[in-house]
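Structural characterization, general
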Amino acid sequence: DAKTTQPNSMESNEEEPVHLPCNHSTISGTDYIHWYRQLPSQGPEYVIHGLTSNVNNRMASLAIAEDRKSSTLILHRATLRDAAVYYCILRDMIYNQGGKLIFGQGTELSVKP
Amino acid sequence: NAGVTQTPKFRILKIGQSMTLQCAQDMNHNYMYWYRQDPGMGLKLIYYSVGAGITDKGEVPNGYNVSRSTTEDFPLRLELAAPSQTSVYFCASSYYPGDDTDTQYFGPGTRLTVL
């Protein structure tokens, strides 16, 4: 699976939008972009995923660059509960039919009141 | 639904002891996974299963064994525990890693210390 690059840490203020970047310059045409987050002392939880088009759900939005070499997870209004490590993961839908996720080190997001 | 459950929550083992980490899911998911997470690191895949009776190795399988006799259960066995196996272990499951439903659900983890 292709590699992703994320900043080690980011800070945000409560109730402000947060843009978490992810670079994946070697992405292949069959790689889906997944985001998971891990709250302190918990297992990871799914946030969102997409292929080419921007995606929205109740938790977040995913903006994918036109060349797909980067993406941004957008939290529209950060709350203290959003403080977590956010992982950007590529999963090849053709060659990884076992569904395995390859986690990097992620971005640790802290949210200030 | 209880989702993915793991037992025990915590365990301390002595070097050379063995134990089984239990994982169960009640969502009728075909796919199940075991990951480990060392302090300050991302998760690493140990083993996974795409259905009852079918298992395969992940990135870090050495020192572990798995079995999948039912859809619901996916136990992870540690034989001859070593300090390098001190970690937090997460079990996960998913229905089928297709395009729209590609979501893994994780359990709360088992924190294992080997002394």
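To be clear, the structure that these remarks concern was listed above.
First, a word on scope: everything that follows refers to the structure included in this document. Everything numeric in this text was worked out from a predicted model, so none of it was measured. (Residues numbered from 1 in each chain as written. Chains lettered and ligands numbered in written order. Predicted model: local features only at pLDDT ≥ 70, side-chain atom pairs only at ≥ 80, totals over all residues. Heavy atoms only, no water.)

1. Considerations on unusual backbone geometry
Following Thr 7 of chain B, the chain continues to Pro 8 of chain B via a peptide bond in cis, the omega torsion being -5°. The topology assignment puts Pro 8 of chain B in the loop between strand E1 (4-7) and strand E2 (10-13). Notably, Glu 15 of chain A is not glycine yet its phi reads approximately 70°, a positive angle. Within the secondary structure layout, Glu 15 of chain A lies in the loop between strand E1 (9-13) and strand E2 (18-23). In this model, Arg 68 of chain A sits at a positive phi of 65°, which is unusual for a non-glycine residue. Looking at the secondary structure, you find Arg 68 of chain A in the loop between strand E6 (61-64) and strand E7 (70-75). (Helix = DSSP H or I, 4+ residues; strand = E, 2+ residues; numbered from the N terminus.)

2. Some remarks on the interface of chain B and chain A
Note on interface size: it is often stated as the accessible area lost on association of the parts. Facing 23 residues of chain B, the contacting portion of chain A comprises 21 residues. Along the contact surface separating chain B from chain A lie 1 salt bridge. Among the ionic pairs, Asp 102 of chain B bridges to Arg 91 of chain A, the shortest N-O distance being 2.8 Å. Taken together, chain B and chain A are joined by 7 residue pairs in polar contact (both at pLDDT 80 or more). Secondary-structure elements contributing two or more residues to the side of chain B that touches chain A are strand E4 (31-37) and strand E5 (43-51) of chain B. (Contact = heavy atoms within 4.5 Å. Salt bridge = Lys/Arg side-chain N within 4 Å of Asp/Glu carboxyl O. Polar contact = N/O pair within 3.5 Å; in protein donor to acceptor, adjacent residues only side chain to side chain.)

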